[in-house]
Amino acid sequence: MDKAKPVNSQNWEKEVMSSQIPVFVDFWAEWCGPCRMVSPVIEELAGEYAGKINFVKVNVDESNELASKYNVFSIPTLALFNKGQVVAQQVGAASKGSYKNMIDSALSKI
């Protein structure tokens, strides 16, 4: 079972904007090779940050209005939201350490 919950425009408000804890959003698509490479790393991070951060996935093909709203032009785009605001963002596939640094740095500021 995936730890990163699928989110679309129907449940975006509830799962991301109204979340009491920060939310890590993976903007991805089925056909995107780098997105598939990043997916297991995101799942590992979801396990490590369980209870501190919610992890969700947004399929940009199914929710292109969300991708447009947050200026997602390349995927994967990974963004950390806190209280409905983007507090950190990274575009492109990267190492687990790189994502951890992004998350830890953002968490230290909120």
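Taking an unreviewed UniProt entry as the reference, the chain is identified by name as Thioredoxin belonging to Nitrosotalea devaniterrae.

**Student:** Any chance you could break down unusual backbone geometry for me, citing the residues and the numbers?
**Tutor:** Across residues other than glycine, the phi torsion is negative in most instances, and most of the peptide bonds are trans. Residue Pro76 is bonded to the preceding Ile75 through a cis peptide linkage, with omega at 0°. Non-glycine residue Asn71 carries a positive phi angle of around 55°. One can find Asn71 in the loop between helix H3 (64–69) and strand E4 (77–82).

**Student:** Please set out the UniProt feature "active site" (unreviewed entry) in the chain residue by residue, giving values where relevant.
**Tutor:** Taking the UniProt record as the reference, the feature "active site" (unreviewed entry) is found at Cys32 and Cys35. Along the chain, Cys32 falls in the loop between strand E2 (23–28) and helix H2 (33–48). Of the residues examined, Cys32 reaches a relative accessible area of 4% and is grouped as buried. Excluding anything up to four places from it in sequence, Cys32 contacts Ile75 and Pro76. With respect to the secondary-structure elements, Cys35 resides in helix H2. Cys35 has contacts with Trp28, Ala29, Ile75 and Pro76, leaving out every residue within four places of it along the chain.

**Student:** Break down the pattern of salt bridges for me, citing the residues and quoting the values.
**Tutor:** Following the criterion strictly, the structure yields 6 salt bridges and no others. Ionic pairing is found between Lys96 and Glu48, a salt bridge with its closest N-O pair at 2.5 Å. Here the residue Lys96 occupies a position in helix H4 (residues 96–108), and Glu48 occupies one in helix H2, the gap between them amounting to 48 residues. Its relative accessible area of 25% is what places Lys96 among the partly exposed residues.

**Student:** Tell me about the nonpolar core, and name the residues and values.
**Tutor:** One finds Trp12, Val16, Val25, Phe27 and Ile75 to be the most contacted residues of the largest nonpolar core, which totals 20 residues. Only helix H1 (12–17), E2, strand E3 (54–59), H3 and E4 provide two or more residues apiece to this core. A per-element tally of this core places E2 first, with 4 residues. Residues contacting Val25, with those up to four places away along its chain left out, are Trp12, Val16, Val56, Val58, Thr77, Leu78, Ala79 and Phe81. Core analysis: the next-biggest nonpolar cluster, separate from the first, contains 17 residues, Val38, Leu45, Leu78 and Tyr99 among them.

**Student:** Go over the state of the cysteines, please, and point to the residues and values.
**Tutor:** The final tally for this structure, using the stated rule, is 1 disulfide. Between the sulfur atoms of Cys32 and its disulfide partner Cys35 the distance amounts to 2.3 Å. Disulfide Cys32 to Cys35: torsion about the S-S bond roughly 80°, handedness right-handed. Overall, Cys35 belongs to the buried group, its relative accessible area being 2%.

Parameters at a glance
- Residues numbered from 1 in each chain as written.
- Predicted model: local features only at pLDDT ≥ 70, side-chain atom pairs only at ≥ 80, totals over all residues.
- Heavy atoms only, no water.
- Helix = DSSP H or I, 4+ residues; strand = E, 2+ residues; numbered from the N terminus.
- UniProt positions renumbered as here; feature names shortened; annotations may be inferred.
- Buried < 20%, exposed > 50% of the residue type's maximum accessible area, 1.4 Å probe, protein only.
- Contact = heavy atoms within 4.5 Å.
- Salt bridge = Lys/Arg side-chain N within 4 Å of Asp/Glu carboxyl O.
- Core = buried A, V, L, I, M, F, W, Y, C linked by side-chain atoms within 4.5 Å.
- Disulfide = S-S within 2.5 Å.

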